[in-house]
Amino acid sequence: MDMHHPLKVYQQELADLQGLVLELGNMALDQLNKAVDTFEDNDPEKADAIVEMDEKINDLEHEVDKASLMIITKMEPKAEDLRYVLTASKIASDLERIADYAKSIADKGKRGFAEEHTQHLGYVKHMGQELDAMLKKILEAFKELSVEKALDVWHSDSNVDALYNEALIGMKNCVSCEELEGKGFISLLFTMRCLERVGDHITNIAEHIYFIKYAEFFAGKK
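Given the structure is predicted, the values throughout are model-derived calculations rather than measurements.

K.L.:
Residues and numbers for the nonpolar core, please.
P.N.:
Membership of the largest hydrophobic core comes to 67 residues, with the highest contact counts inside it found for L95, I138 and I202. Looking at this core, the elements that each hand over two or more residues are α1 (6-41), α2 (44-75), α3 (79-109), α4 (121-144), α5 (147-171) and α6 (180-214). Counting residues per element, this core draws most heavily on α1, which supplies 14 residues.

This is the structure we're talking about:
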């Protein structure tokens, strides 16, 4: 087929759009994993590297938006293709927010936390592992447009919520935030809240994939 044939160009632009979203997703995944490690290691240099990378992620999100607008303007996609293009920007926004939370976690990692709260680091690590698996699988689901995988991820967010709630119960008797130990408590609590929100953005992506396939919003219950 002629490489300049309109259909060939259209297919290539859709593939390029998918590639941009997946690139953004892999960058967000890398940022998230590094942020969890940095929080545990309390390494300011690693944290600074995560913060610096955030600008590139923001630029890539803008590229997704521009690519989506260009396809709509030039190609006038219909039905599922139109939903795909419109939703790509929403997915990119969720991925950018995940990277933002990673940046926030890294920033907290530079400040350290009290030794009295190191036992709660296990929750941070466990939540990070759950989210790593979820984000990898949701990127696969987007690449394949697999609703089955997307809904598996959507339901698995209950594991992250359970870890977060369990950690809150275990920390309810911690010292007040006015003391040094309290500052460590606040850092841990903030980080776990960020991770819990990451899970919510991943479930948003699962719902977007459902919408692409079925032209309706997913209304499931965890």
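After that view of the structure, there is still more to cover.
K.L.:
I'd like a rundown of the environment of N26, residues and numbers included.
P.N.:
On the secondary structure map, N26 appears in helix α1. For the pair N26 and L139, spaced 113 residues apart in the sequence, the C-alpha separation amounts to 8.2 Å.

K.L.:
Break down α2 for me, with residues and values.
P.N.:
Taking 1.5 Å per residue as the helical rise, α2 with its 32 residues ought to reach 46 Å, and the 47 Å between its terminal C-alpha atoms agrees with that figure. Here α2 has its buried residues at A47, I50, D54, I57, L60, E61, V64, S68 and I71. In this structure, the buried side of α2 is in contact with α1 and α3. Of the residues trailing α2, E76 is marked for its positive phi of about 50 degrees.

Reading the values: rules and limits
- Residues numbered from 1 in each chain as written.
- Predicted model: local features only at pLDDT ≥ 70, side-chain atom pairs only at ≥ 80, totals over all residues.
- Heavy atoms only, no water.
- Core = buried A, V, L, I, M, F, W, Y, C linked by side-chain atoms within 4.5 Å.
- Buried < 20%, exposed > 50% of the residue type's maximum accessible area, 1.4 Å probe, protein only.
- Helix = DSSP H or I, 4+ residues; strand = E, 2+ residues; numbered from the N terminus.
- Expected span 1.5 Å × (residues − 1).
- Contact = heavy atoms within 4.5 Å.

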